[in-house]
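Chain and residue survey
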Amino acid sequence: MELKQIKAFIDAMASSDLSELEASKDGWTLKLVRRAGSTPTPRSSAEGSPSSELRETEESAAASSGESGTEVRAPLYGLVYLGPSPEAPPFVVAGQAVKAGDILCIIEAMKVFNNVCAARDGIVERILVESGIEVEAGQLLMRIA
Amino acid sequence: MFDSVLIANRGEIALRIQRACRGLGLKTIVVHSEADRDASYVRHADQAICIGPAPASDSYLNQAALIMAAEVTGAEAIHPGYGFLSENADFAARVAQAGLVFIGPSAACIRVMGDKVAAKRAMRAAGVPCVPGPDAALPDDPSQIHYLARQIGYPVIVKAAGGGGGRGMRVVEQESALLGALAVTREEARRSFGNAEVYIEKFLGHPRHVEIQVLADGFGHALWLGSRDCSLQRRHQKVLEEAPAPGIPDRLLAEVGARCVDACRQIGYLGLGTFEFLVEDDAFYFIEMNTRLQVEHPVTEMTTGIDIVQQQIRVARGERLTVSQADIGCRGHAFECRINAEDTERFMPSPGVITRWELPGGYGVRVDSHASSGYRVSPYYDSMIAKLIVHGDTRDDALARLRIALDEMQVEGIATNLPLHRRLVRDAAFAAGCVDIHHLEQRLQEGSGA
């Protein structure tokens, strides 16, 4: 991530009322946290080893706070699955309580399964997609209150 | 003798087969899923027919739909390409039963080679060198199993008879772990391949992956078309290939090549095939035979000067091979990079729309690809979007050309593994040649450059 981009994120956050901002690109995750009475502080870290035996990767759902709770968006373009298999019950249903790190759905692309996990504790307010459909990167999948 | 070919595949290989058919003056019928409707090779086909929705199980793997498409369009032959149904013996049999030509070997040959234990037995019978270990499935009696493993010597590898392509295997370092590993592999094999048979072999610590391309006609003539080295792999997926395999004595290669040709004659093989070997300390060990055209076939075309897809179609049409083994030479050196739509930092797939597509060119550079600027890389299929192939007078010459070509190639809109390739071609050990099959993953783990 270039310094220029980091600066742009800081500026964007400073001009908003956000208390937290997280962005991932090219294996970098940038997390900006606003402490009470201070300007946003950049905290940047390289992501850990991507390898796992099952060719699975975990993505924390891109989260942004809005009036109606946390939005869960697709981390990449692919096919969304709400359960581990067509016969199995879904990972979550509307009204269910979830903890940070719980699997919400899977995005399959090119035979690779990517888990989409809850960024924080909450209650699944709405599920906005059907299992098996194509979703664009950044498309809204669920809302967590 | 057929004059029309139905291409039962997609992407770059559908285009490659279409070009070969055109060169031979054959009519091409392309089948496609709903997701591939707008592909360039679909537009260029003499006839195109949609066979189902995007998921491969509903389209490219739908045998009934493919055969019906052939009947409706009047296609006389089916080319399966690679992947999908290319090594499915039942499909080959169904095509033949429908009175069509399957461009490949007989269903019986595919079936023997698909069973890794049966394949090993057939290869031993033909004098092809195999990995030490019995060419029979393991018995149930634990004491017999322990005896067999001790005869081979640890470490051993437990493999599923129905596996292949790196799936269904487990390395066992010592006797205490053998029975446990066996039970797990058996269960996996039963679930994944519908065949719980497993066998054991000596585990080789630092082998290279070397393969031999063969071509056989229906009149008992068979040729071997040189070697390829595909040692650069990640999770058993080939990343970069070359021909010939560097550093292997000519006499040794010719000896193994001749054995492969004998094996083809003995099993009545027809068409293109590849004998895959592990090579350690100048010894060849057969691992499996691929009974189809392979992704990396262009490096063999560049070094032999033979359009092997055209040759494959000609022998399927019932023509005799017109070249003899003495005519086959190896000129210069060739490399192929598989360009995949994936983020190589995290190895995440990256489907989406290509917004910039600049290809390399010039003397000795070839790109096989169905993609273009504006092309939408589908999340439904394999991530390979192009093959960059270069040829040079020597290995160093070809490698220098490859470095320039990789730098010239620019793709935007999606992530690709171009950065990984650019680092690999500058890796000192790879530049020197003869790295083993663990080299790429070791480099990735070290995170040092490549």
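Residues numbered from 1 in each chain as written. Chains lettered and ligands numbered in written order. Predicted model: local features only at pLDDT ≥ 70, side-chain atom pairs only at ≥ 80, totals over all residues. Heavy atoms only, no water.

**Thoughts on the overall build of chain A**
Looking only at helices and strands, chain A has one helix and 13 strands in total. Order of helices (α) and strands (β) in chain A, N terminus to C terminus: α-β-β-β-β-β-β-β-β-β-β-β-β-β. Within chain A, the proportion of its 145 residues that are buried is 33%. A total of about 8400 Å² of accessible surface is found on chain A, and carbon and sulfur atoms cover 53% of it. (Helix = DSSP H or I, 4+ residues; strand = E, 2+ residues; numbered from the N terminus. Buried < 20%, exposed > 50% of the residue type's maximum accessible area, 1.4 Å probe, protein only. Areas by Shrake-Rupley, 256 points an atom, 1.4 Å probe, with all protein chains shown as cover.)

**Quick word on helix α6 (residues 116–125) of chain B**
All names here are of chain B. Counting buried residues in α6 gives seven out of ten residues, a clear majority hidden from the surface. Buried residues of α6: Lys 116, Val 117, Ala 118, Ala 119, Lys 120, Ala 122 and Met 123, and no others. Put simply, Asp 115 is the residue that caps the front of α6, since its side-chain oxygen is 3.0 Å from the backbone nitrogen of Val 117. (Polar contact = N/O pair within 3.5 Å; in protein donor to acceptor, adjacent residues only side chain to side chain.)

**A few points about empty space enclosed by the protein**
All names here are of chain B. Summed over all chains, the structure comprises five cavities of 30 Å³ or more. As for the largest cavity, its lining consists of Asp 229, Ser 231, Leu 232, Leu 240, Glu 241, Glu 242, Pro 246, Phe 430, Cys 434 and Val 435. Listed by contribution, the elements that provide at least two residues to the lining of the largest cavity are β10 (222–234) and β11 (237–243). Among the residues forming the lining of the largest cavity, the class breakdown is six nonpolar, one polar and three charged. (1 Å grid on protein atoms, 1.4 Å probe; cavity = no way out; pocket = protein on both sides within 12 Å on 5 of 7 lines; lining within 4 Å. Points joined across faces, edges and corners; volume = space filled by probe spheres on them. Nonpolar A, V, L, I, M, F, W, Y, C, P; charged D, E, K, R; others polar.)

**Some remarks on the sheet that holds strand β12 (residues 271–280) of chain B**
Residue and element names in this part refer to chain B. Strand order in the open sheet formed by eight strands is β13-β12-β9-β10-β11-β14-β21-β19, and the pairing between neighbours is antiparallel. Here the strands that pair on one side only, and so sit at the sheet edges, are β13 (283–290) and β19 (365–368). Averaged over all pairs of adjacent strands, the angle between strand axes in this sheet comes to 25°, irrespective of strand direction. Relative to the sheet, α6 contacts β12 and β13, its axis offset from that of β13 by approximately 130°. (Pairing = 2+ DSSP bridges. Axes fitted to C-alpha atoms, helices over the stretch in contact; angles between N-to-C directions. Contact = heavy atoms within 4.5 Å.)

**Some details on the state of the cysteines**
Residue and element names in this part refer to chain B. Scanning all chains against the criterion turns up zero disulfides over all chains. Free of any disulfide, Cys 109 has its nearest cysteine sulfur in Cys 264, 8.5 Å distant. For Cys 109, a relative accessible area of 5% puts it in the buried group. Cys 330 carries a free sulfur, and the closest cysteine sulfur to it, the one in Cys 230, is 14 Å from it. On the basis of relative accessibility, which here comes to 47%, the residue Cys 330 falls in the partly exposed class. (Disulfide = S-S within 2.5 Å.)

**A look at unusual backbone geometry**
Residue and element names in this part refer to chain B. Note the cis peptide between Tyr 154 and Pro 155, where omega equals 0°. Of note, the bond from Ala 243 into Pro 244 is cis; its omega dihedral lies within 30 degrees of zero at -5°. With respect to the helices, strands and loops of the structure, Pro 244 is situated in the loop between β11 and α9 (250–267). Residues other than glycine seldom take positive phi values, yet Asp 281 does so here, at roughly 50°. In this fold, Asp 281 is placed in the loop between β12 and β13.

**Observations regarding the pairing of strand β7 (residues 78–81) of chain A**
Remember that side chains alternate between the two faces of the sheet whenever the strand is regular. Residue and element names in this part refer to chain A. Note: β7 against strand β12 (residues 134–135), two bridges, orientation antiparallel. What sits directly across from Gly 78, in β12, is Val 135. Pairing analysis gives three bridges linking β7 to strand β9 (residues 103–109), with the strands arranged antiparallel. Bridge pairing links Leu 79 to Glu 108 in β9.

**Focus: the sheet that holds strand β7 (residues 167–172) of chain B**
Residues and elements named next belong to chain B. Sheet architecture is open: three strands sit in the order β7-β6-β8, paired in antiparallel fashion. Each edge of the open sheet is held by one strand with a lone partner, namely β7 and β8 (198–202). The sheet shows a mean angle of 25° between the axes of neighbouring strands, taken without regard to direction. Where strand β6 (residues 156–164) and β8 come together, five bridges link them in antiparallel fashion. The residue bridging Val 156 from the neighbouring strand is Lys 202, located in β8. Against the sheet, helix α7 (residues 142–152) engages β6 and β8, with an angle of about 25° to β8.

**Thoughts on the confidence of the model for chain B**
When pLDDT is averaged along chain B, the result is 95, and 99% of the positions lie at 70 or above. Interface confidence for the predicted complex, expressed as ipTM, amounts to 0.75; the pTM equals 0.85. (pLDDT = per-residue confidence, 0-100.)

**Description of the packing of helix α1 (residues 11–23) of chain B against helix α11 (residues 308–316) of chain B**
All names here are of chain B. For the pair α1 and α11, interaxial distance at closest approach is 9 Å and the crossing angle is 65°. α1 and α11 meet at a crossing whose hand is right-handed. Facing Arg 16, Ile 17, Ala 20, Cys 21 and Gly 23 of α1, the residues of α11 in contact are Val 309, Gln 310 and Ile 313. Residue composition of the contact of α1 with α11, grouped by class: five nonpolar, two polar and one charged. (Left-handed = near helix turned anticlockwise from the far one by under 90°.)

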